[in-house]
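One letter stands for each residue in the lines below.
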Amino acid sequence: MKIKKCLYVNRRAPYGTSYALEAIDMVLIGSVFDQDISLLFIDDGLFQLKKGQDTADVEIKNHSPAYRAFEMYDVEKIYVSKEAMAARGLKRADLLVDVEQLSDNRIKELMDEHDVIFSF
Amino acid sequence: MKFVIQVNEGPYQHQTADSAYQFTRAALARGHEVLRVFFYHDGVNNGTRLTSPPQDDRDIVGRWSALAAEHGLDLVICVAAAYRRGILDESEMKRLGKDAHNLAPGFRISGLGQLIEGVVLADRLVVFGD
């Protein structure tokens, strides 16, 4: 099978909609297809990666431990928007996984470099 | 050009479902190839044959089925999204012990791998929904 550069763009808060959970499912399934996978977190999507998520009161499963498992699936390229981090007062130490911070200008180039963009 | 179409919203609330259908029909009319239409998230609700719109409204589900019959379109409903929302075919009704099934003609239920395989083979993925 042809290998394409696939970028999964995560734009939404971890709870409130099902998109963050769906994105995790798709990344894990996608990893089986030996595609070149990168993840990008922008806007409120950054909160998906925040440490210390506790969903007990809203009776929804806390899916954030899955991000730590991505490494085992060879999903290692995780990018975040530097501007979105600053706007939300987030630092790399606040996040569950190691990330590379990119300027929004660089993110435009990153999108251009990919064959497929899956947006969640 | 080879397209894969992704539909993320259900019928009637959002124009998304209409736009996806109109784009698909137009692409086919221009001689393009639509490898697959993948219904994801609330988009799986486009695959229930029990929708009953009033006579003066468009039949969103029925026109997908008709387009599939005419062009041999592959209409795929995401399995995980479908089961959560109660979209079942006959075999899954039996397997899950439910008392009804509702998958519309021309649709089939399958996994996200179908979307990934589709985009690997296609020139463009066109996504409808926010």
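If you're wondering where the values come from, they're calculated on a predicted model, not measured in any experiment.

Further remarks concern the overall build of chain B. Secondary structure assignment for chain B yields five helices and five strands. Reading chain B from its N end, one meets helices and strands in the order β-α-β-α-β-α-α-β-α-β. A compact globule built from 130 residues should have a C-alpha radius of gyration of about 14 Å, and chain B, at 14 Å, falls within 12% of that. For chain B, the spread of C-alpha atoms along the three principal axes comes to 40 × 40 × 30 Å. A burial count over chain B gives 51% of its 130 residues as buried. With the model as given, the accessible surface of chain B reaches about 6200 Å², and the carbon-plus-sulfur share is 46%.

Attention now goes to the packing of aromatic side chains. Counted by the stated rule, this structure contains eleven aromatic pairs over all chains. Residues tyrosine 21 of chain B and tryptophan 64 of chain B carry aromatic rings whose centres are separated by 5.5 Å and whose planes lie at 90° to one another, so their mutual orientation is edge-to-face. Within this pair, whereas tyrosine 21 of chain B is found in helix α1 (residues 16–29), its partner tryptophan 64 of chain B is found in helix α2 (residues 60–71), the two being separated by 43 residues in sequence. The residues tyrosine 21 of chain B and tryptophan 64 of chain B share a single accessibility class, namely buried. With a centroid separation of 5.6 Å and 55° between ring planes, the pair formed by phenylalanine 23 of chain B and phenylalanine 128 of chain B is classed as tilted. In this pair, phenylalanine 23 of chain B sits in helix α1 while phenylalanine 128 of chain B sits in strand β5 (residues 124–128), placing the two residues 105 residues apart along the sequence. Judged by its relative accessible area of 13%, phenylalanine 128 of chain B is buried. Taken together, the ring pairs connect Tyr8, Phe118 and Phe120 of chain A together with Phe38 and Tyr40 of chain B into an aromatic cluster. One Lys or Arg, arginine 12 of chain A, reaches over the ring of tyrosine 19 of chain A and ends 3.8 Å from the middle of that ring.

Turning our attention to empty space enclosed by the protein. Residue and element names in this part refer to chain A. All told, the structure shown has one cavity of 30 Å³ or more when counted by the stated rule. In this structure, the largest cavity spans a volume of roughly 30 Å³. Asn10, Ala20, Ala23, Ile24, Val27, Leu39, Phe41, Gln48, Tyr67 and Phe70 together form the lining of the largest cavity. At four residues, helix α1 (residues 19–31) tops the list of elements feeding residues into the lining of the largest cavity. Split by residue class, the lining of the largest cavity holds eight nonpolar, two polar and no charged.

Cut-off values and rules
Residues numbered from 1 in each chain as written. Chains lettered and ligands numbered in written order. Predicted model: local features only at pLDDT ≥ 70, side-chain atom pairs only at ≥ 80, totals over all residues. Heavy atoms only, no water. Helix = DSSP H or I, 4+ residues; strand = E, 2+ residues; numbered from the N terminus. Rg over C-alpha atoms; globule rule 2.2 N^0.38 Å. Buried < 20%, exposed > 50% of the residue type's maximum accessible area, 1.4 Å probe, protein only. Areas by Shrake-Rupley, 256 points an atom, 1.4 Å probe, with all protein chains shown as cover. Phe/Tyr/Trp six-rings, centres within 6.5 Å; stacked < 30°, edge-to-face > 60°. Lys NZ or Arg CZ within 6 Å of the ring centre and 35° of its normal. 1 Å grid on protein atoms, 1.4 Å probe; cavity = no way out; pocket = protein on both sides within 12 Å on 5 of 7 lines; lining within 4 Å. Points joined across faces, edges and corners; volume = space filled by probe spheres on them. Nonpolar A, V, L, I, M, F, W, Y, C, P; charged D, E, K, R; others polar.

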